Amino acid sequence: MNEHILIVEDEEKLARFIELELIHEGYKVSKAFNGRTGLEMAENNDFSLILLDIMLPELNGLEVLRRLGKTHSTPVILLTARDAVMDKVAGLDAGAVDYITKPFAIEELLARIRVALKLHGSAAVAQTEEQEGVYTWKGLVLDDPKHRVTYSGQEINLTNREFIMLKVLLQNRDIVLSRETLLEKVCGYDYVGETNVVDVYVRFLRTKIDEAFGVKMIQTVRGVGYVIKSD
Ligand code: CA
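Structure report, in brief. On a predicted model such as this, the values are computed, not experimentally measured, just so you know.

**Brief notes about the pairing of strand β4 (residues 76-80)**
Thinking step 1. Across the five residues of β4, five count as buried, placing the element largely inside the fold.
Thinking step 2. Of the two faces of β4, the one carrying Val 76, Leu 78 and Thr 80 and the one carrying Ile 77 and Leu 79 are both buried.
Thinking step 3. Note: strand β3 (residues 49-53) against β4, four bridges, orientation parallel. Looking across to β4, one finds that Ile 50 is bridged to Val 76.
Thinking step 4. In this sheet, strand β5 (residues 98-101) lies alongside β4 in parallel orientation, the contact comprising four bridges.

**Structural notes on the side chain of Glu 19**
Thinking step 1. In this structure, Glu 19 sits in helix α1 (residues 12-24).
Thinking step 2. Among the polar contacts made by the side chain of Glu 19, one reaches the side chain of Lys 31 at a distance of 2.7 Å.
Thinking step 3. Apart from residues no more than four positions distant in its own chain, Glu 19 is found in contact with Ile 7, Val 29 and Lys 31.

**Focus: a nonpolar patch on the surface**
Thinking step 1. A cluster of nonpolar side chains, Val 85, Met 86 and Val 89, forms an exposed patch at the surface whose accessible area comes to about 290 Å².
Thinking step 2. With respect to the element layout, Val 89 can be found in helix α4 (residues 85-93).

**Digging into the packing of helix α8 (residues 179-187) against helix α9 (residues 196-213)**
Thinking step 1. The N-to-C vectors of α8 and α9 enclose an angle of 75°; their axes lie 9 Å apart at closest approach. Looking at the two axes, α8 sits roughly perpendicular to α9. Residues Arg 179, Leu 182, Leu 183, Val 186 and Cys 187 of α8 lie in contact with α9, whose contacting residues are Val 197, Val 198, Asp 199 and Tyr 201.
Thinking step 2. Taken together, the residues of the contact of α8 with α9 sort by class into seven nonpolar, no polar and two charged.

**Focus: α9**
Each α-helix turn comprises 3.6 residues. Residues three or four places apart therefore point the same way.
Thinking step 1. Given a rise of 1.5 Å per residue, 18 residues ought to cover 26 Å, and the 25 Å separating the end C-alpha atoms of α9 matches this to within 8%.
Thinking step 2. Its maximal kink placed at Arg 206, α9 deviates by approximately 40°.
Thinking step 3. Those residues of α9 that fall on the buried side of the exposure criterion are Val 197, Val 198, Tyr 201, Val 202, Leu 205, Ile 209 and Asp 210.
Thinking step 4. In the segment just after α9, Gly 214 is the residue with positive phi, at about 65°.

**Some thoughts on the sheet that holds strand β2 (residues 28-32)**
Thinking step 1. Read from one edge to the other, the open sheet built from five strands follows the order β2-β1-β3-β4-β5, with strand pairing classed as parallel. Of all strands in the sheet, those bounded by a partner on one side alone are β2 and β5. Between one strand and the next, the sheet's axes are offset by a mean angle of 20°, whatever the strand orientation.
Thinking step 2. Across the sheet, α1 lies against β1 (4-8), β2, β3 and β4, angled at about 170° from β2, the strand it touches most.

Procedures and definitions
- Residues numbered from 1 in each chain as written.
- Predicted model: local features only at pLDDT ≥ 70, side-chain atom pairs only at ≥ 80, totals over all residues.
- Heavy atoms only, no water.
- Buried < 20%, exposed > 50% of the residue type's maximum accessible area, 1.4 Å probe, protein only.
- Helix = DSSP H or I, 4+ residues; strand = E, 2+ residues; numbered from the N terminus.
- Pairing = 2+ DSSP bridges.
- Polar contact = N/O pair within 3.5 Å; in protein donor to acceptor, adjacent residues only side chain to side chain.
- Contact = heavy atoms within 4.5 Å.
- Patch = residues over 30% accessible without salt bridge, like charges linked within 9 Å, V, L, I, M, F, W, Y side chains within 5 Å.
- Areas by Shrake-Rupley, 256 points an atom, 1.4 Å probe, with all protein chains shown as cover.
- Salt bridge = Lys/Arg side-chain N within 4 Å of Asp/Glu carboxyl O.
- Axes fitted to C-alpha atoms, helices over the stretch in contact; angles between N-to-C directions.
- Parallel < 35°, antiparallel > 145°, perpendicular 65-115°, else oblique.
- Nonpolar A, V, L, I, M, F, W, Y, C, P; charged D, E, K, R; others polar.
- Expected span 1.5 Å × (residues − 1).
- Bend = angle between axes of the 7 residues up to and from the residue.

Next up, the structure:
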């Protein structure tokens, strides 16, 4: 499936030039020459990425961004005039993922498009979802089907219960799990014992991962439980 890119740019020659380069790179391209048409096209199509000029007739680029709303998932790269620092800041605040200052080298634009698609594109999401049972956090990869954990490619030996504990925390990233919940998942529903078993496993994991690789992965939420946060 070709990535479909929308160019919203009123300088038609520039829009046409970018279009030809993108087609040459294998992208599918649509164009709009004013903000209003651009907004309509963006709302009614599923583009992989939008290149959005700021200085546009009818609706300027920042207004287009605002109307698209923060929930709009298509990554937007702004095309800005030199020295328009406030526009860049406002654009990033309004949800753009990147900007490039005119005049730009086409190679730089193509590179930024590749990065934006990789980091924010639907293909990126699909790719990670395809990898079923593989969970990552920074340099850490937990591969459930292979029952393997690595950090920056270096293998980490975990016991079965440590492995399950880590998996549960990664599966529920950004959600604080209570000791009771963790205990149930790690030891089973019928486990009768102290919940501080969980603290022991966390300590083992911290020794094998946090201390070994200089990170702070599992965070303690006092009085509640444990969590692995996204960043
Ligand atoms: Ca313009």
